[in-house]
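One-letter residues, chain by chain:
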Amino acid sequence: MTGSCVGRWALFALVVASWLPLPGTATAAPVVEIQLPNAQFGNLNQNDVDACKDASGPSFSCGAVAVVNSFAFLQRRYPQVYDERLIPDSNGNRLIDYDELKGAAEEVA
């Protein structure tokens, strides 16, 4: 056989092999649905964080706000782990206040 003929047979074998079923039975993975309590997340609006705004005005996506809202969830859900290490309690009331969320987002941004 010549080189071009061998190449054609190799291509043909590859195409035929791609049509063959895989060994074993195919099974679908189970669907896992998890519902997290929305009230435990932060409620910081990205348009209230100066570092997220650009020259046009409103912000359309601010990673710092998303991070801080998630930090609020972690701190509320797992206080024994995070205590007040993610969002500092600046007024000492042991709650996560809106101004504290805003300050944390400014730091992250």
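See the structure above.
All residue numbers refer to position in the chain's written sequence, counted from 1. Where local features are concerned, this predicted model is filtered to residues with pLDDT of at least 70; where side-chain atom pairs are given and counted, the filter is 80 or more; whole-chain, interface and lining totals use all residues. Excluding hydrogens and water, the side-chain values take into account all heavy atoms of the structure.

1. Quick look at unusual backbone geometry
And step 1. Phi at Asp83 takes a positive value of approximately 50°, unusual for a residue other than glycine.
And step 2. Secondary structure elements are taken from DSSP: a helix is a run of H or I of four residues or more, a strand is a run of E of two residues or more, and numbering for both begins at the N terminus. For Asp83, the location among the structural elements is in the loop between helix H3 (79-82) and helix H4 (98-108).

2. Re the nonpolar core
And step 1. Only buried residues count toward a nonpolar core, which is a set of Ala, Val, Leu, Ile, Met, Phe, Trp, Tyr and Cys residues joined through side-chain atoms within 4.5 Å. Think of it in three bands: with a 1.4 Å probe and only protein chains considered, a residue is buried below 20% of the maximum accessible area for its type, exposed above 50%, and partly exposed in between. By size, the foremost hydrophobic cluster in this structure holds 13 residues, and its most contacted members are Leu44, Val49, Val65, Val68, Ile87, Leu101 and Ala105.
And step 2. When residues no more than four places from it in sequence are discounted, the contact partners of Val65 are Leu44, Asn45, Gln46, Val49, Cys52 and Ala105. Note on definitions: a residue-residue contact is assigned when non-hydrogen atoms from the two residues lie within 4.5 Å.

3. Comments concerning the pattern of salt bridges
And step 1. Any carboxyl oxygen of Asp or Glu that lies within 4 Å of a side-chain nitrogen of Lys or Arg is treated as forming a salt bridge with it. Per the stated rule, a full pass over the model turns up two salt bridges.
And step 2. A salt bridge links Asp83 to Arg94; the nearest nitrogen and oxygen atoms lie 4.0 Å apart. Note that Asp83 is positioned in the loop between H3 and H4 and Arg94 in the loop between H3 and H4, a separation of eleven residues in sequence.
And step 3. Under the relative-accessibility criterion, Asp83 is labelled partly exposed at 37%.
And step 4. Under the relative-accessibility criterion, Arg94 is labelled exposed at 60%.
And step 5. For the salt bridge of Glu84 with Arg94, the shortest nitrogen-to-oxygen distance reads 2.7 Å. With a gap of ten residues between them, Glu84 in the loop between H3 and H4 and Arg94 in the loop between H3 and H4 connect regions that are remote in the sequence.
And step 6. Taking the relative accessible area as the measure of exposure, Glu84 reaches 27% and is therefore partly exposed.

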